[in-house]
Amino acid sequence: MNKKPIYLIIMILLVSYSLLAGVSLTQGSIDSQLTFNEINISDVFQSGPYTSIILDYNFSTTATLGASGILAIVIAYINQSSSIIEAIELFFHTPSDEYLLFWMVGDPFREIQQWNLGNIFEHFQVQENQLDLTLIEYFNIDDPTIEILVKARILEDITISFQSVDFSIILENFYDVLPLPSWSLSYPTKTSTISTSKTTSTSAYSSTTTATTSDLTPGLSFITILGIIFYQLIYRKKQ
C-alpha cells in the first residue's frame, strides 16, 4: 500500500497551520497590557459642527501630565447603524504646554489614514477645563444616527509634534472603546466608559486593559480545505 499520499496530506495540514499562524500576525494580534490614567468627561455638547467637551482637567497647567505624560483625547463620530467611524479627531496637550489637533474624515481602521493638522480658533479652542471643537469638514455631524464618542486618557512616554503623521500607538490605547472592523481583534470593554452627545458623568481612575486575540478557527478550516483540494488536483494529474 502506498502511504505517500497520507504523508503528503499531513504535510499540507501542517503547512496550512503554519500559514494561518502567519496570517494572525499580519492582522495585528495584540496580547499586552495597556496602562493609562483615565480623565473624566463631565459633559459633551454638540450643535451643528460645534462640539464642546467639559473635562476634569485643567488646560492651563501641565502639572497633571508630569514629566513624560501626554493628554490624548479621542473624539469619534460613529454611525450607530453600521458601527463605523465616519470622522475622528485626536487632541493632545503635551508636557511642553502645546495644544495639537489632528482630524480625518473616514475610519482609520478601514481606510488609509490621511490626518490633517487642525488650527487654533479655526478648529479648536481651550479654556480652563473646556475644549471647543469645530469640524466643518465633516458634513454628516447632524445626522441623528451619528453618535459622538469622547474618551480622554493620559498616556506615558509618547511623543507628539506638529509633524506627526502616524497615530497607531495612540489608537492602540483606545482599542477597548473604539469600534473595530469585524476582521480585527476582540477587546474587553468592561472597564470602558463612553461619553456621547448626551450629558454623562464618570469618575477618574487608573485603568489597565488587556487586549486578546480573536478566534481564528474558521480560517484554519478554510486553509486546510484549500490545501486538500490543491493536493487532489496535483495527485490526479500524476495519475
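Check the entry above for the structure.
It should be emphasised that the depicted structure is a prediction, and the values quoted were computed from it without experimental measurement.

Enquirer: An account of the overall build of the protein chain is requested, with residue identities and associated values reported.
Expert: In terms of regular secondary structure, the protein chain is built from three helices and eleven strands. Starting at the N terminus, the α and β elements of the protein chain follow one another as α-β-β-β-β-β-β-β-β-β-β-α-β-α. Classification of the 239 residues of the protein chain by burial places 43% in the buried group. Taking as baseline every contact in the protein chain between residues at least 6 positions apart, the subset at least 24 positions apart corresponds to 66%. Of the roughly 13,100 Å² that the protein chain leaves accessible, carbon and sulfur atoms contribute 57%.

Enquirer: Quick one: what's the story with the packing of aromatic side chains, residue by residue and with numbers?
Expert: Taken as a whole and assessed by the stated rule, the structure comprises eleven aromatic pairs. On the basis of an interplanar angle of 45 degrees and a centroid distance of 5.5 Å, the ring pair of tyrosine 77 and tyrosine 138 is categorised as tilted. Residue tyrosine 77 is located in strand 4 (residues 69–79), and its partner tyrosine 138 is located in the loop between strand 9 (130–134) and strand 10 (146–156); the two are separated by 61 residues in the primary sequence. Summarising the burial analysis for this pair, tyrosine 77 and tyrosine 138 share the class buried. Pairwise contacts between aromatic rings join Tyr57, Phe59, Phe91, Tyr99 and Phe124 into one cluster.

Enquirer: A description of the side chain of threonine 134 should follow, citing residues and the corresponding values.
Expert: The residue threonine 134 is located in strand 9 in this model. Apart from the residues within four sequence positions on either side, threonine 134 is in contact with Pro49, Tyr50, Glu122 and His123.

Enquirer: Describe the pattern of salt bridges, and please don't skip the residues or the numbers.
Expert: Going through the model one piece at a time under the given rule, you end up with four salt bridges. Residues glutamate 38 and arginine 153 are paired through a salt bridge, measuring 3.1 Å at the closest nitrogen-oxygen approach. Of this pair, glutamate 38 sits in strand 1 (residues 33–39) while arginine 153 is found in strand 10, placing the two residues 115 residues apart along the sequence. Judged by its relative accessible area of 6%, glutamate 38 falls in the buried class. Judged by relative accessible area, which is 0%, arginine 153 ranks as buried. Across the salt bridge formed by arginine 110 and aspartate 107, the nearest N and O atoms sit 2.5 Å from each other. Residues joined in a network through salt bridges with shared partners are Glu38, Lys151, Arg153 and Asp176.

Quick notes on the rules
- Residues numbered from 1 in each chain as written.
- Predicted model: local features only at pLDDT ≥ 70, side-chain atom pairs only at ≥ 80, totals over all residues.
- Heavy atoms only, no water.
- Helix = DSSP H or I, 4+ residues; strand = E, 2+ residues; numbered from the N terminus.
- Buried < 20%, exposed > 50% of the residue type's maximum accessible area, 1.4 Å probe, protein only.
- Contact = heavy atoms within 4.5 Å.
- Areas by Shrake-Rupley, 256 points an atom, 1.4 Å probe, with all protein chains shown as cover.
- Phe/Tyr/Trp six-rings, centres within 6.5 Å; stacked < 30°, edge-to-face > 60°.
- Salt bridge = Lys/Arg side-chain N within 4 Å of Asp/Glu carboxyl O.

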